[in-house]
Amino acid sequence: MEPLWKLLYLLEPAPVTLVLTAVVVTFGSALRALNYGEEMERNRDLSEASITLDRSQALMIPIMSSCSLLLMFYLFSSVSQLLTAFTAVASASSLFFCFYPYIMYLKSRLGLADPYMLRCCSKFFTRIQGLLLLLCIGIVAAWLVSGHWILNNLLGISICVTFVSHVRLQNIKICAMLLACLFVYDIFWVFFSERFFGENVMVSVATQQASNPVHTVANSLSLPGLQLITKKLELPVKIVFPRNLFGGAVPGNSADFMMLGLGDMAIPAMLLSLVLSFDHRKSRDSVNPLDIPSAKGHKYIWYALSGYAIGLVTALAAGVLTHSPQPALLYLVPATLGPIIVLSWTRNELTELWEGTMPDMNGKARLTEV
C-alpha cells in the first residue's frame, strides 16, 4: 500500500484529463442516444433502428465478452491484422455517425445546396455526405499510418457514442442485471484470471498492440516512406493519455500511458441514457430537458453523472495506492446505479423507473404503415 500523499498524482494533467474526457464522453453518448431516438421516432426509419436488448440478450453480453477476451488472449497475434481491418471500417462508420448531425446543422445554418450524387443499397447519398465520408476515411488512414494516441482516442470515442446510440436496454431492471453481471466479470478477469491462466488476461489483452496491415502491405511492395508507417497499433478499444501529458511518451511503451477501456464508458453511458430518457419524458413539455428541474427535485442524470465521476476517481485512487490494475466497474457500478435506486425510491418513482420501457420503434412504424 502506497502512502496517501501519492494521491496527489491524481491532480496531474494526465489523470485530470482522463477523468474529464470520460465524464464528457459518457454524458455525450447518453445525450446522443436520446437525440437519435427522437430522430428515429420522427422519421420512422426502420433501416436506422437501434437494437433494444431484452433480458436474455443482455445477460449474454458478459458471456460473449469473456469468450472474446479469451480468444484475443490466445490468438491475438494470429488475428490482429483482421481485427485492425475490422476496427478501421467500424471507426470510419462511427465517425460518420458522430459528425453527421453537426455537418447538417452547419448546412442548414449556411443554407448550402446539397444535391444527390449517387445511389447505393437503395439509399441516396448527397455531396456533403460523400465529402464527410472521405474525411472520416482520411482520419482512419492517418491513424493507420501514425498510430497517434489522439487519433486512437478520437476513434474510440466515436465507437463508444455509436454503440450507446444503437444498442439500448428496455429498463433499469435489465440494466441493473447487466451491470451486476459485468461487475462480477470485471472483478474476475482483473483480480482472479491470473490464478487460472497464469497471467492477468484483462491487462494482457488491453496492452497488446496489433500488427498494422498497412505496414505489411507497404513492406511487401517495397513502397517509399515505409519508415513513416507504424508497425504496431493500439486498437481504439480504450482511451489513452501519456502520463507525462505535455512531455510526450515513448511510442509503443504502454507503461507510459494511462488507459480506460471503452466498456468503462459505454456501459455506464447505457444507464445514463435510460435515466436521461426518463428525465426527458417527465419534462417533455419543457424547453430544455437538461436545465429545468423536475417537480420532485433535480434530474436523475446529474446524480448518475456525479456518481460516475466519483467512481472513476476512486478507481484511479485505488490504482495509485495499490500500484496494481483495478476493475473500474467495481467502483463505477455502485457509484452510478446506487444513487439512482435510492433517489427514485425516496421519490416513489422506483417502480416506474424500474419497469419503464423504451419506445417500440418497430411497433410504431407498423402502426403508421397500417
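Asks: Whenever I open this one, helix α3 (residues 127-146) confuses me. Can you help?
Replies: In an α-helix, one turn spans 3.6 residues; hence positions three or four apart end up facing the same way. Between its first and last C-alpha atoms α3 spans 29 Å; for 20 residues at 1.5 Å apiece the expected length is 28 Å, and the two agree. The complete set of buried residues in α3 reads Ile-128, Gln-129, Leu-132, Cys-136, Ile-139, Val-140, Trp-143 and Leu-144. Viewed end-on, α3 has its buried residues packed into an arc of 165°, placing them on one side of the element. In α3, the exposed positions that point more than 90 degrees away from the buried face belong to Leu-131 and Leu-134. Directly after α3, the chain includes Gly-147, whose backbone phi takes a positive value near 65°.

Asks: Help me out: how do you make sense of the packing of helix α5 (residues 172-197) against helix α8 (residues 263-282) in this one?
Replies: Geometrically, a packed helix pair is captured by the angle between its two axes and the distance between the axes. Taken N-terminus to C-terminus, the directions of α5 and α8 make an angle of 165°; their axes are 10 Å apart at the nearest point. With respect to α8, the axis of α5 lies roughly antiparallel. Crossing handedness for the pair α5 and α8: left-handed. On α8, the residues that touch Ile-172, Cys-175, Leu-179, Leu-182 and Asp-186 of α5 are Asp-264, Ile-267, Leu-271, Leu-274 and Val-275. Counted by class, the contact of α5 with α8 contains eight nonpolar, no polar and two charged residues.

Asks: It is not clear to me how the confidence of the model for the protein should be interpreted in this structure. Could you clarify?
Replies: In low-pLDDT regions, the fine details of the predicted coordinates are not to be read closely. When pLDDT is averaged along the protein, the result is 84, and 85% of the positions lie at 70 or above. Mean pLDDT in the protein bottoms out at helix α12 (residues 361-369), which sits at 37, and peaks at helix α4 (residues 149-166), which reaches 95. Ignoring residues within four places in sequence, the model shows residues 249-253, a span with pLDDT below 50, making six contacts including any to other chains. In the predicted structure, residues 291-296 sits below a pLDDT of 50 and forms eight contacts with residues beyond four places in sequence or in another chain.

Asks: I tried to follow the packing of aromatic side chains on my own but got confused; where do I start?
Replies: The geometry of two aromatic rings is summed up by the distance between their centres and the angle between their planes. If you walk through the whole model with that rule in mind, you get nine aromatic pairs. Here Tyr-36 and Phe-97 contribute two aromatic rings whose centre-to-centre distance is 5.1 Å and whose plane-to-plane angle is 85°, an arrangement assigned as edge-to-face. Residue Tyr-36 is located in helix α1 (residues 13-43), and its partner Phe-97 is located in helix α2 (residues 55-110); the two are separated by 61 residues in the primary sequence. Both residues of the pair, Tyr-36 and Phe-97, belong to the buried class. Relative to Trp-189, the ring of Phe-188 has its centre 4.9 Å away and its plane inclined at 80°; by these criteria the two rings are edge-to-face.

Asks: Looking at this structure, I do not really get the side chain of Ser-91. What am I missing?
Replies: Tracing the chain through its elements places Ser-91 in helix α2. With relative accessibility at 0%, the residue Ser-91 sits in the buried group. A polar contact of 2.7 Å, which involves the side chain of Ser-91, links it to the backbone oxygen of Thr-87. When near neighbours in sequence (up to four residues on either side) are disregarded, Ser-91 contacts Val-140, Leu-155, Ser-158, Ile-159 and Pro-236.

Asks: Would you mind going over the environment of Arg-127 with me for this structure?
Replies: On the secondary structure map, Arg-127 appears in helix α3. Its relative accessible area of 40% is what places Arg-127 among the partly exposed residues. A sequence separation of twelve residues divides Arg-127 from Pro-115, and the C-alpha atoms of the two residues are 6.1 Å apart. Once residues within four sequence positions are removed from consideration, Arg-127 is found in contact with Ala-113, Asp-114, Pro-115 and Met-117.

Asks: Just checking my understanding: could you explain the pattern of salt bridges for this structure?
Replies: Between side chains of opposite charge, a pair can form as their charged atoms come close. Applying the stated criterion across every chain, the model contains five salt bridges. Of the charged contacts in the structure, one is a salt bridge between Glu-234 and Lys-238, with a shortest N-O distance of 2.9 Å. The buried category is assigned to Glu-234, whose relative accessible area is 15%. The exposure class of Lys-238 is buried, given its relative accessible area of 3%. The salt bridge partner of Lys-282 is Glu-349, with a shortest N-O separation of 3.9 Å. You can see Lys-282 sitting in helix α8 and its partner Glu-349 sitting in the loop between α10 (329-346) and α11 (350-355), a full 67 residues away along the chain.

About the criteria used
- Residues numbered from 1 in each chain as written.
- Predicted model: local features only at pLDDT ≥ 70, side-chain atom pairs only at ≥ 80, totals over all residues.
- Heavy atoms only, no water.
- Helix = DSSP H or I, 4+ residues; strand = E, 2+ residues; numbered from the N terminus.
- Expected span 1.5 Å × (residues − 1).
- Buried < 20%, exposed > 50% of the residue type's maximum accessible area, 1.4 Å probe, protein only.
- Arc of directions from axis to C-beta.
- Axes fitted to C-alpha atoms, helices over the stretch in contact; angles between N-to-C directions.
- Parallel < 35°, antiparallel > 145°, perpendicular 65-115°, else oblique.
- Left-handed = near helix turned anticlockwise from the far one by under 90°.
- Contact = heavy atoms within 4.5 Å.
- Nonpolar A, V, L, I, M, F, W, Y, C, P; charged D, E, K, R; others polar.
- pLDDT = per-residue confidence, 0-100.
- Phe/Tyr/Trp six-rings, centres within 6.5 Å; stacked < 30°, edge-to-face > 60°.
- Polar contact = N/O pair within 3.5 Å; in protein donor to acceptor, adjacent residues only side chain to side chain.
- Salt bridge = Lys/Arg side-chain N within 4 Å of Asp/Glu carboxyl O.

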